[in-house]
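Each chain, written out:
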Amino acid sequence: MDKFRIIGGRPLEGRIQISGAKNSALPCMAAALLTSETVTLHNLPYARDIITMRRLLEDLGCHILMPELRTLKISGAQVEVFEAPYELVKTMRASVLALGPLLARFGEARVSLPGGCAIGQRPIDLHLAGFEKLGAAVEIEGGDVVARSKRLQGREIYFDKVSVTGTENLMMAAALADGVTVLTNAAREPEIVDLAELLNKMGARVEGAGRSTIRIEGVNKLGGAEHTIIPDRIETGTFAVAAAITGGDLELVNCNPQHIAAVLDKLEETGVRIDRPNAFSLRVVAADQTRCSDVTTLPHPGFPTDMQAQYMALMTVGDGVSVITETIFENRFMHASELLRMGARIRLNGRQAVVEGNKELSGARVQASDLRASASLVLAGLAARGETIVDRVYHIDRGYEKIEEKLRAVGANIERFRE
Ligand code: EPZ
């Protein structure tokens, strides 16, 4: 099992290239199931979840070529299996994104119900209720969701809760439905906009992506397209915190500052200086002394839940006290107990964490529980005095492309090893 060894205390300085967004790449790859023609995607991150999604699509019958690193050509011409098996879905919940396209194009889909994960129960009831609204028969059989429909009918669908993959699944299903579908209380994340752009290049008629009401006029057939995935806003935010927590000065290129306005505003509140020289790069200069500032996670354009763990790491070395409120997932403070082992002072109370900043963390053996928690522990290790060993780094490999190489290139003392 791979681990990271980090010797903290070195300010990070230099330039980091941001990779493509994992959470846009996954729905865009699934969208290739909607057509028998070839969908070419560029700027894919070289991360484990992308490899898992590729395996799922190939198991369904897609032919996939990788003419160069970070580009995939996906052809759904020979898709003949409409089933996403448990062993794949349990390793990556985003496999549920195969449901909408398979149902819309073939009239049937069987996907193993994703179990919960470290950050919460994470049901998909809103996805399934949406498919039923479009006229599908949805059953649970032996732990699988089985959805069938002769022809989906466009409908008005209201989401009781804002759901990113729920919005994406229904957008893809509605693209081939008969008539117009209107999604209300839809998610507004940049990844939704990116998927809508790809769908429209394929011949779909999606309007309003990025706002909370999205209108999709169904068409009979979708074609191939070529698309470049947007930069990863969470990777961008993670490295911005890396600059802040190490007292460093980083230039982040190939990013989109507008996608993480809430994170940048919050970091500026803590004293970080953010320069925005142009629309695709950032310069992040650490404060002399980080000030503590409260934060509440919200659906986009609010402060993203996927940045909460990283922000908590920064607050542990801030001056003062901060209250972190997690409103999206019911159990997303797993990183707190590991940060305590490094000397952080954090009190948990349901959805709130009270962090009392102290001057210094000390290195320790810590264990990652999920993707963003592991990023948080790496950030803490970069700031801590002494040696930190982060265990189970396969979590971080799911969503970050070679994070230790990118960090080493800007001065971090971090190495991957196997025990
Ligand atoms: C997406 O997950 C992201 N994953 C997550 O990123 C991200 O944390 C999350 O959105 C919130 O922004 C991908 O895009 C692949 P939700 P998703 O449906 O779609 C509840 C990462 O680190 N809910 O927006 O699964 C749910 O339990 C990952 O990259 C229902 O109750 O999240 C949660 O409390 C982690 N019923 C809330 O809604 C449903 O049918 C938001 O979940 C669906 C969701």
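The structure under discussion appears in the preceding block.
The paragraphs below set out a description of the structure included in this document. (Residues numbered from 1 in each chain as written. Predicted model: local features only at pLDDT ≥ 70, side-chain atom pairs only at ≥ 80, totals over all residues. Heavy atoms only, no water.)

## As for the overall build of the protein
Tallying secondary structure elements over the protein gives 14 helices and 24 strands in all. By the compact-globule yardstick of 22 Å for 419 residues, the protein fits well, its C-alpha radius of gyration being 21 Å. In the protein, buried positions account for 59% of the 419 residues. The contacts in the protein between residues at least 6 apart in sequence include a share of 73% that link residues at least 24 apart. With the model as given, the accessible surface of the protein reaches about 16100 Å², and the carbon-plus-sulfur share is 46%. (Helix = DSSP H or I, 4+ residues; strand = E, 2+ residues; numbered from the N terminus. Rg over C-alpha atoms; globule rule 2.2 N^0.38 Å. Buried < 20%, exposed > 50% of the residue type's maximum accessible area, 1.4 Å probe, protein only. Contact = heavy atoms within 4.5 Å. Areas by Shrake-Rupley, 256 points an atom, 1.4 Å probe, with all protein chains shown as cover.)

## Let's talk about the site of the ligand
Every one of the 20 residues lining the ligand counts as a neighbour, but Asp-125, Ser-163, Thr-165, Asp-306 and Ile-328 are closest to it. Contact between the ligand and Val-164: an oxygen atom at 2.8 Å from a main-chain N or O atom of the residue. Contacts to the ligand include Asp-306, whose side-chain N or O atom sits 2.6 Å from an oxygen atom. Compared with its free state, where it exposes 830 Å², the ligand has 90% of that area covered by protein. (Near = heavy atom within 4 Å. Polar contact = N/O pair within 3.5 Å; in protein donor to acceptor, adjacent residues only side chain to side chain.)

## Digging into the pattern of salt bridges
Throughout the structure, instances matching the rule amount to 28 salt bridges. Glu-37 is paired through a salt bridge with Lys-221; the nearest N and O atoms lie 3.5 Å apart. Placement of the pair is Glu-37 in the loop between helix H1 (22–31) and strand S3 (38–42) and Lys-221 in the loop between strand S13 (213–217) and strand S14 (225–228), with a sequence separation of 184 residues. Using a relative accessible area of 37% as the deciding quantity, one classes Glu-37 as partly exposed. Look at Lys-221 and you get exposed, because its relative accessible area is 55%. (Salt bridge = Lys/Arg side-chain N within 4 Å of Asp/Glu carboxyl O.)

## As for the sheet that holds strand S11 (residues 180–184)
Read from one edge to the other, the open sheet built from four strands follows the order S10-S11-S13-S12, with strand pairing classed as mixed. With partners counted over all chains shown, the strands left at the sheet margins are strand S10 (156–158) and strand S12 (205–207), one partner each. On average, each strand axis in the sheet is tilted by 15° relative to the strand beside it, whichever way the strands run. For S12 and S13, the ladder comprises three bridges, and the chain directions are antiparallel. Considered in S13, the bridge of Arg-205 is made with Glu-217. (Pairing = 2+ DSSP bridges. Axes fitted to C-alpha atoms, helices over the stretch in contact; angles between N-to-C directions.)

## As for the packing of helix H5 (residues 125–133) against helix H6 (residues 164–174)
At a minimum axis separation of 9 Å, H5 and H6 run at an interaxial angle of 20°. Between H5 and H6, the interaxial angle falls into the category roughly parallel. The handedness of the crossing between H5 and H6 is right-handed. Only Thr-165, Gly-166, Asn-169, Leu-170 and Ala-173 of H6 make contact with H5, whose side of the interface consists of Leu-126, His-127, Gly-130 and Phe-131. (Parallel < 35°, antiparallel > 145°, perpendicular 65-115°, else oblique. Left-handed = near helix turned anticlockwise from the far one by under 90°.)

## A look at the sheet that holds strand S1 (residues 2–7)
Here we have four strands laid out as an open sheet, ordered S22-S23-S1-S24, and mixed in their pairing. Two strands close off the open sheet at either side, each with one partner strand: strand S22 (365–367) and strand S24 (413–418). With strand direction ignored, the average angle separating the axes of adjacent strands in the sheet is 25°. Where S1 lies against strand S23 (residues 387–391), four bridges are found, and the strand directions are antiparallel. Bridge pairing in S23 links Ile-6 to Thr-388. In the packing of helix H12 (residues 371–383) onto the sheet, contacts are made with S1, S22, S23 and S24, and the angle to S1 comes to roughly 30°.

## Here's the deal with unusual backbone geometry
A cis amide bond, omega 15°, links His-300 with the succeeding residue Pro-301. Look at Asn-43: it is not a glycine, yet its phi comes out positive at around 65°. By the secondary structure assignment, Asn-43 is in the loop between S3 and helix H2 (48–60). Exposure remark for Asn-43: the relative accessible area of 26% places this residue in the partly exposed category. Not every positive phi belongs to a glycine, and Arg-392 is a case in point at roughly 60°. Positionally, Arg-392 belongs in the loop between S23 and helix H13 (394–397). Taking relative accessible area as the criterion, Arg-392 reaches 31% and is therefore assigned partly exposed.

## Overview of the environment of Cys-62
Inspection of the secondary structure puts Cys-62 in the loop between H2 and strand S4 (63–68). Accessibility expressed as a relative area gives 5% for Cys-62, which makes it buried. Sequence separation between Cys-62 and Thr-38 is 24 residues; the distance between their C-alpha atoms is 9.8 Å. Setting aside anything within four residues of it in sequence, one finds Cys-62 in contact with Leu-33, Leu-57, Ile-74, Ser-75, Gly-76 and Val-79.

## Focus: the pairing of S1
Note: S1 against S24, six bridges, orientation antiparallel. Residue Ile-7 lies in a different strand from S24, and its bridge partner there is Asn-413.

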